[in-house]
Amino acid sequence: MTSVEWSVGTVAERLGVPAATLRSWDRRYGIGPSQRTEGGHRRYGEEDIQRVRVMARFTARGVPAQSAARVALSMDADRLLIETDGDRDARSTADRQSAVEAICSAALSLDAESLSRIYQRTLRDRDLVSAWTEVFAPALRTVGDRWGDGSLGVECEHLASEVLATELRTVIRLSRPHAPNGDIVLACADEEQHHLPLLAVEAELASHGVAALGLGARMPTDALQRLLKVHRPSRLFLWASIARQVDERLWQVLADVSWQLDVVVGGPGWPHDLPASSGPVTVTRAHDLSGASEALLSGGHR
Ligand code: B12
């Protein structure tokens, strides 16, 4: 896999060090990119960026630039990682909060372009689980809370969701996942309209190269029953945000399944007590995106 390389402008923005200073550190002390484009433009890899970060940190503490550069250049990849780890934690918390706030304010001003840019940047800077768990889900919850207290209209919530759905589908499409057709099925419970978590699961599986049959929102139980009979999948993920009725017909449908099927349920809508696994069907609960994906990736018995 080729690593991502960054322009001097992007590194300047990321680290808060002026581009002119970066160029001068490169020219004078050799603290710069290990690659250049054919046209001679600087291209920084992750290790180059960490070295620049060490340089920035030392000079900010008053260490003369030449000595700072000598120390930074003597560090190998492991040492650089140790040296910059604390920065990363602080940075990632700040990045996370500012991304959540940026999503909410773009939603509030119905700014689809900014929403799309923030989602894309988050997906570029983080893996999918971290993007969803640390940025998208908290932003959705904040959007939901603001809708709940009346400070944000439902149109803003729709836009934030629609644009996110597009970006998650783009991840799925670009990952070109493959798998035996219909072996993993993802669906929302009957009448359940919240399907973004389903797309997040589909995108995470896709990023592992695994395709799933994503059936989206409001899957009628009868239709699901028919599909199960015809396709006999080995794994089924079901999402519910809204509380399910006590006499859920779905459990009867699952009790009639005669082949090995791992059912994973997710979302706050499912009852506390799930039906006990019986016969060839197991029913487990996933508490987060990584738990759901791991259960689906490791399951399957055919
Ligand atoms: C976007 C949204 C919508 C969109 C959905 C668009 C779409 N394509 O999905 C639209 C506008 C359609 C919508 C409609 C409605 N919505 Co709505 N919606 C939301 C919102 C803002 C985000 C939903 C979401 O994706 N959540 C995903 C994550 C962020 O949800 P979470 O529950 O917090 O996640 C928890 C766990 O599940 C877990 N987790 C997080 N991510 C993942 C991923 C996986 C895979 C797993 C396993 C676990 C997991 O961690 C969290 C902590 O426990 C939520 C706010 C919220 N707090 O979720 C409201 C929210 C869910 N909606 C709500 C309501 C009331 C509705 C409506 C009934 C409104 C109405 N009167 O019409 C309708 C219809 C509902 C229906 N029948 O399905 C309420 C639900 C209250 C309740 N519990 O009953 C919420 C909580 C808003 C609120 N603050 O009141 N909604």
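Residues numbered from 1 in each chain as written. Predicted model: local features only at pLDDT ≥ 70, side-chain atom pairs only at ≥ 80, totals over all residues. Heavy atoms only, no water.

As annotated in an unreviewed UniProt entry, the protein chain carries the name MerR family transcriptional regulator and comes from Pedococcus ginsenosidimutans.

The next thing to look at is the side chain of Asp 26. Counting through the fold element by element, Asp 26 comes out in helix α2 (residues 19-29). Of note is the side chain of Asp 26, whose polar atom sits 2.7 Å from the side chain of Arg 42. Ignoring any residue separated from it by four or fewer positions in sequence, one finds Asp 26 in contact with Ile 31, Gly 32, Pro 33, Arg 36 and Arg 42. (Helix = DSSP H or I, 4+ residues; strand = E, 2+ residues; numbered from the N terminus. Polar contact = N/O pair within 3.5 Å; in protein donor to acceptor, adjacent residues only side chain to side chain. Contact = heavy atoms within 4.5 Å.)

According to UniProt, the positions carrying the feature "domain: HTH merR-type" (unreviewed entry) are residues 5-74. Taken as a whole, residues 5-74 contains 63% helix and 6% strand, while its terminal C-alpha atoms sit 22 Å from one another. (UniProt positions renumbered as here; feature names shortened; annotations may be inferred.)

Assigned domains within the protein chain: domain 1 (8-75), domain 2 (88-173) and domain 3 (177-298). Inter-centroid distance (C-alpha atoms) of domain 2 to domain 3 is 25 Å. In this complex, domain 2 contributes twelve residues to the contact, which on the side of domain 3 involves twelve residues. For the pair domain 2 and domain 3, the summed buried surface comes to about 1100 Å²; carbon and sulfur atoms form 84% of the total. At the boundary of domain 2 and domain 3, one finds zero salt bridges. Viewed at the interface, domain 3 and domain 2 are joined by zero residue pairs in polar contact (both at pLDDT 80 or more). Elements supplying a minimum of two residues to the side of domain 2 that touches domain 3: α7 (128-148) and α8 (154-175). Residues of the side of domain 2 that touches domain 3, tallied by class, amount to nine nonpolar, two polar and one charged. (Domains from an automatic or database assignment. Buried area = accessible area lost by both parts, 1.4 Å probe. Salt bridge = Lys/Arg side-chain N within 4 Å of Asp/Glu carboxyl O. Nonpolar A, V, L, I, M, F, W, Y, C, P; charged D, E, K, R; others polar.)

For the rest of this paragraph, the subject is the packing of aromatic side chains. Each aromatic ring pair is characterised by the separation of its centres together with the angle its planes make. The final tally for this structure, using the stated rule, is two aromatic pairs. Aromatic side chains Tyr 119 and Phe 136 sit 5.3 Å apart centroid to centroid with 90 degrees between the ring planes, which places their arrangement in the edge-to-face category. You can see Tyr 119 sitting in helix α6 (residues 112-125) and its partner Phe 136 sitting in helix α7, a full 17 residues away along the chain. Its relative accessible area of 2% is what places Tyr 119 among the buried residues. Consider the rings of Trp 251 and Trp 270, whose centres lie 5.6 Å apart with planes at 50 degrees: the pair is tilted. (Phe/Tyr/Trp six-rings, centres within 6.5 Å; stacked < 30°, edge-to-face > 60°. Buried < 20%, exposed > 50% of the residue type's maximum accessible area, 1.4 Å probe, protein only.)

Summed over all chains, the structure comprises one cavity of 30 Å³ or more. As a volume, the largest cavity reaches approximately 40 Å³. Looking at the largest cavity, the residues that line it are Ala 189, Asp 190, Met 219, Thr 221, Leu 224, Leu 238, Arg 244, Glu 248 and Leu 250. Of the residues in the lining of the largest cavity, the class split is five nonpolar, one polar and three charged. (1 Å grid on protein atoms, 1.4 Å probe; cavity = no way out; pocket = protein on both sides within 12 Å on 5 of 7 lines; lining within 4 Å. Points joined across faces, edges and corners; volume = space filled by probe spheres on them.)

Let us look at the site of the ligand. By nearness alone, 28 residues border the ligand, and Trp 132, Glu 157, Gln 193, His 194 and His 195 come closest of all. Between the ligand and the protein, one listed contact pairs an oxygen atom with a backbone N or O atom of His 195 at 2.8 Å. Between Leu 196 and the ligand, the recorded distance is 3.3 Å, taken from a backbone N or O atom to an oxygen atom. Because more than half of its atoms lie within 2 Å of the grid, the ligand is assigned to the largest pocket. Every element with two or more residues in the shell around the ligand is listed here: α7, α8, α9 (196-207), β5 (235-239) and α12 (289-298). Sorting elements by how many residues they give to the shell around the ligand places α7 first, with six residues. Of the residues that constitute the shell around the ligand, the class distribution is 14 nonpolar, nine polar and five charged. Domain assignment of the residues forming the shell around the ligand places at least three in each of domain 2 (88-173) and domain 3 (177-298). (Near = heavy atom within 4 Å. Sits in = over half its atoms within 2 Å of the grid points.)

The relative placement of two packed helices is expressed as an angle between their axes plus a distance between the axes. Running from N to C, α8 and α9 cross one another at 20 degrees; their axes reach a closest spacing of 8 Å. Our classification of the angle between α8 and α9 gives roughly parallel. Considering the relative orientation of α8 and α9, their crossing is left-handed. The residues of α9 that touch α8, namely those facing Ser 161, Leu 164, Ala 165, Leu 168, Arg 169, Val 171, Ile 172 and Ser 175, are Leu 196, Leu 199, Ala 200, Glu 202, Ala 203, Ala 206 and Ser 207. Each residue belonging to the contact of α8 with α9 can be placed in one class, and the counts come to ten nonpolar, three polar and two charged. (Axes fitted to C-alpha atoms, helices over the stretch in contact; angles between N-to-C directions. Parallel < 35°, antiparallel > 145°, perpendicular 65-115°, else oblique. Left-handed = near helix turned anticlockwise from the far one by under 90°.)

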